[in-house]
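Fold and contact review
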Amino acid sequence: MIDSASWAQRLGGDTFLAQTCFRAHKVIRSNGAALPSPLTWDDLNEIVAAHRLEPPRMRLSRAGETVPATAYSILRTNRRGVSWYQPQPAEFHARLAEGASLVIDAIDQIHPPVRQAAAGLERFFRTPVQVNAYASWTAEEGFGTHWDDHDVVVLQLEGSKRWKIFGPTRQAPAWRDVEAPEVPTGEPIADTVLTPGDLLYLPRGWWHAVSADQGSASLHLTFGLATQTGAEFLGWLCDGLRASTTVRADVPRFGTHQQRADYLAAIRKEVLAALEDPVVLDRWERSLDTTHPGRPRLSLPHVVAVPPEPGITVQLTAPRARIDQDAETVTFSGSGNEWTFARPVAPVLRLLADGEAITLDALTAESGLTIEQTAEVVTILVLGQAVAVVGSAE
């Protein structure tokens, strides 16, 4: 499993965050090291066969254009009137051999090993992560030269992929922006081939063109990192300012010149006071971590409580949950909830916060609680959607 420690080690830890993140692209070679693969060709075949992945969730792209689903699928309708596109293997293969690339968006939602890798990367970057799978067979560029509105970490899984990187033509472009970046001209600033196990970090706005021109089928995952820009920060700040009567009041659209000037002065005072809080960014970051729903998961058959059975395995579903502790209590915050427990519960919470699947027996052994007490704590967190049962007692 690729966890947060593995990501940190491969990317460069705090040095990467301080010197490379948001600033420059970086290629990290595997150097032949054997790494766990979260997705194989067999996995991909099974995913396409077992799921109704409607366009654009699953699509073929060629030369920057989406291939019509009718070119590789048949529209099926069951007796209840439900319709879906069912891929036809022969036509699907033909389109890929002609130069199309296969894309499956949010594959982390349907394939547990990819979901675990995404959760580990989310802990490292402390921002939500979505993973898309890309497969290509030819030197044709499935998407042309383009840029993404979010940072990405690319993990090459099978075969090889050539990346021509042109750099940005507009500083920090966004998906909601006042103008579009200009198409780059000239030669790329980097021309590199990724082989199995290699990583590529690419900041948002960096133009790139990608092709499988090395004579082998290529499969890679792109981990998209949600942007946290000044616009998001100011939106959060404005939401908090709704506590102010001045901010909630109507804008004096029909007032006198002086009334409008007084209103602007009052609003300015409220905003500046909020920005002068020395820990305002810390509060915003904490809010991002603790209010995000994470990756919720059912805990069937345990719909009322988790029973005190040693072999039951549980796992955190809120990768950025936070723990705060004082002399008497420990507070666990995540998935939009906050729980305060007696201090002896702290070891249980810290083990859960690591993100690894763990049994009630192991949690109990590390904490000194009884198995019944451990199950009670876990039940509270399951009901709060921060933890899920991922394995039953044998």
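To be clear, the structure that these remarks concern was listed above.
Read on for a plain summary of the structure.

Criteria and cut-off values
Note on numbering: residues in each chain are counted from 1, in written sequence order. Reporting of local features is limited, given that this is a predicted model, to residues whose pLDDT is at least 70; pairs of side-chain atoms are given and counted only at 80 or more, and all residues count toward the totals for whole chains, interfaces and linings. For the side-chain quantities, the full set of heavy atoms in the structure was used; hydrogens and water were omitted. In these notes, a set of buried Ala, Val, Leu, Ile, Met, Phe, Trp, Tyr and Cys residues joined through side-chain atoms within 4.5 Å is what counts as a nonpolar core. Relative accessibility thresholds used throughout: buried, under 20% of the residue-type maximum; exposed, over 50%; partly exposed, between the two (1.4 Å probe, protein chains only). Numbering of helices and strands runs from the N terminus, with a helix taken as a DSSP run of H or I at least four residues long and a strand as a DSSP run of E at least two residues long. By definition in these notes, contact holds between two residues if any of their heavy atoms fall within 4.5 Å. Within 3.5 Å is the distance limit for a polar contact, defined as a pair of N or O atoms, with the added protein rule that one can donate a hydrogen and the other accept it, and that residues adjacent in sequence qualify only through two side-chain atoms. Any two strands with at least two DSSP-identified bridges between them are counted as paired. Where helices are involved, their axes are fitted lines through C-alpha atoms of the stretch in contact, as for all axes, and angles between N-to-C directions lie from 0 to 180°. Aromatic pairing here means that ring centres of Phe, Tyr or Trp (its six-membered ring) are within 6.5 Å. Orientation follows from the plane angle: under 30 degrees is stacked, over 60 is edge-to-face, and everything else is tilted. We call a charge positioned over a ring when the NZ of a Lys or the CZ of an Arg lies within 6 Å of the ring centre and within 35 degrees of the ring normal.

A look at the nonpolar core
Ile104, Ile107 and Phe223 are the most contacted members of the largest nonpolar core, which has 42 residues in total. Residue contributions to this core peak at six residues, all from helix 5 (residues 112-125). If sequence neighbours within four positions are ignored, Ile107 has contacts with Leu39, Leu44, Ile47, Val114, Val131, Asn132, Ala133 and Leu221. In this structure, Ala346, Ile371, Val382 and Val389 belong to the second largest nonpolar core, which totals 28 residues.

Things to note about the environment of Trp7
When you line up the elements, Trp7 lands in helix 1 (residues 4-11). Of the residues examined, Trp7 reaches a relative accessible area of 2% and is grouped as buried. Considering only alpha carbons, one finds Trp7 and Phe125, 118 residues apart in sequence, at a separation of 9.6 Å. In this structure, Trp7 is in contact with Ile2, Ala117, Gly120, Leu121, Val153, Leu199 and Phe223, ignoring residues within four places of it in sequence. In terms of polar contacts, Trp7 uses its side chain to reach the backbone carbonyl oxygen of Ala117, at 2.9 Å.

Here's the deal with the sheet that holds strand 15 (residues 322-325)
Picture the strands of a sheet paired through backbone hydrogen bonds; they go either parallel or antiparallel. If you trace the three strands from one edge of the open sheet to the other, you get 15-16-17, paired in antiparallel fashion. The open sheet has two edge strands with one neighbour each: strand 15 and strand 17 (337-342). On average, each strand axis in the sheet is inclined to that of its neighbour by 20°, with strand direction left out of account. As paired strands, strand 16 (residues 329-334) and strand 17 are joined by six bridges and run antiparallel to one another. Within strand 17, the residue paired with Gly334 across the bridge is Asn337. Its contacts with the sheet place helix 9 (residues 280-291) against strand 15, strand 16 and strand 17, and it is angled at close to 115° to strand 15.

Some thoughts on the packing of aromatic side chains
Enumeration over the complete set of coordinates arrives at twelve aromatic pairs. An angle of 15° between the planes, with centres 6.5 Å apart, marks the rings of Phe125 and Tyr201 as stacked. One end of the pair, Phe125, is in helix 5; the other, Tyr201, is in strand 11 (residues 199-202), and 76 residues separate them in sequence. On the basis of relative accessible area, Phe125 is assigned to the buried category, the value being 13%. Taken together, the ring pairs in this structure connect Phe16, Phe124, Phe125 and Tyr201 into an aromatic cluster. Arg52 extends its terminal NZ or CZ atom over the ring of Trp84, reaching a point 3.7 Å from the ring centre. The residue whose ring lies beneath Arg176 is Trp175, and the NZ or CZ to ring-centre distance is 6.0 Å.

Observations regarding unusual backbone geometry
When glycine is set aside, most residues are seen to have a negative phi, and most peptide bonds are trans. Going from Pro55 to Pro56, the amide bond is cis rather than trans, its omega being 5°. With respect to the helices, strands and loops of the structure, Pro56 is situated in the loop between helix 3 (41-50) and strand 2 (58-62). Cis geometry marks the peptide bond from Leu300 to Pro301, where omega comes out at 10°. Relative to the elements of secondary structure, Pro301 occurs in the loop between helix 9 and strand 14 (313-316). Look at Ala63: it is not a glycine, yet its phi comes out positive at around 55°. Mapped onto the elements, Ala63 comes out in the loop between strand 2 and strand 3 (65-66). Even without glycine at this site, Ala172 takes up a positive phi of about 50°. Within the secondary structure, Ala172 is located in the loop between strand 9 (161-168) and strand 10 (190-194). For Ala172, a relative accessible area of 44% gives the class partly exposed.

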